[in-house]
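Structure assessment
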Amino acid sequence: CDDGNSEEGDGCNGCVVEAGYACSNTLCRSSDCVWLDGNEVCGDGFTLGGELHMQNFCDDGNNYTNDGCSATCTVECGYTCDGGLANAVDVCSTNCSDRIRASDESCDDGNMANGDGCNSTCGTESGWNCTTTDCGQTTCVEVCGNSFQTPGEGCDDGNTAAGDGCSNVC
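So, a few notes on the structure that sits alongside this text. These numbers were taken from a predicted model, which means no experiment stands behind them. (Residues numbered from 1 in each chain as written. Predicted model: local features only at pLDDT ≥ 70, side-chain atom pairs only at ≥ 80, totals over all residues. Heavy atoms only, no water.)

**Details of the overall build of the protein chain**
- In terms of regular secondary structure, the protein chain is built from 0 helices and 8 strands.
- Going from N to C terminus, the protein chain has its helices and strands arranged as β-β-β-β-β-β-β-β.
- By the compact-globule yardstick of 15 Å for 170 residues, the protein chain is too spread out, its C-alpha radius of gyration being 26 Å.
- On the principal axes, the C-alpha backbone points of the protein chain span a range of 90 × 25 × 20 Å.
- Buried residues in the protein chain amount to 33% of all 170 residues.
- Long-range pairs, those at least 24 residues apart, make up 21% of the contacts in the protein chain with a sequence separation of at least 6.
- Accessible surface, the protein chain as shown: approximately 9,500 Å² in total, 49% of it carbon and sulfur. (Helix = DSSP H or I, 4+ residues; strand = E, 2+ residues; numbered from the N terminus. Rg over C-alpha atoms; globule rule 2.2 N^0.38 Å. Buried < 20%, exposed > 50% of the residue type's maximum accessible area, 1.4 Å probe, protein only. Contact = heavy atoms within 4.5 Å. Areas by Shrake-Rupley, 256 points an atom, 1.4 Å probe, with all protein chains shown as cover.)

Structure (structure tokens):
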């Protein structure tokens, strides 16, 4: 084989077919080399063979979770991963305001508005309590009595006692 370069790990090196690959020409002539199915390794940073056909497959070159590509090489909730090839790792990213809270977001309410509990960078705002279902949208509610006046409160004096100028429901 001859793939036109002297790089190791691309199927042909020094006119010799590398282990795990098949090349279109076994003689030292111009060749295209492909990774054989069954030699795939999750976390090696390469998308090869059968991995090319797996739904939600990604390989970012590690076996860590919460970075977009799981330890089992599947795209994690709230992420998209692109770019994975035989010679390039997947790059994973989140999309704030897509209604799916990813591990690098504290909330995601599906909009870029500030003042509703979840801000434009998917961070929880002061004075709000936000909850999210697994792989779901965030719901935020105002918290009365925490000294942060939110848009739906007429006042917030830091307590829920009545008769002190601010009612127990703010």
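**Focus on unusual backbone geometry**
- Although it is not a glycine, N56 adopts a positive phi angle of roughly 60 degrees.
- Structurally, N56 is set in the loop between β4 (33-35) and β5 (79-82).
- Judged by its relative accessible area of 48%, N56 is partly exposed.
- In this model, C122 sits at a positive phi of 60 degrees, which is unusual for a non-glycine residue.
- Note on placement: C122 falls in the loop between β6 (91-94) and β7 (128-132).
- Since its relative accessible area comes to 3%, C122 is described here as buried.

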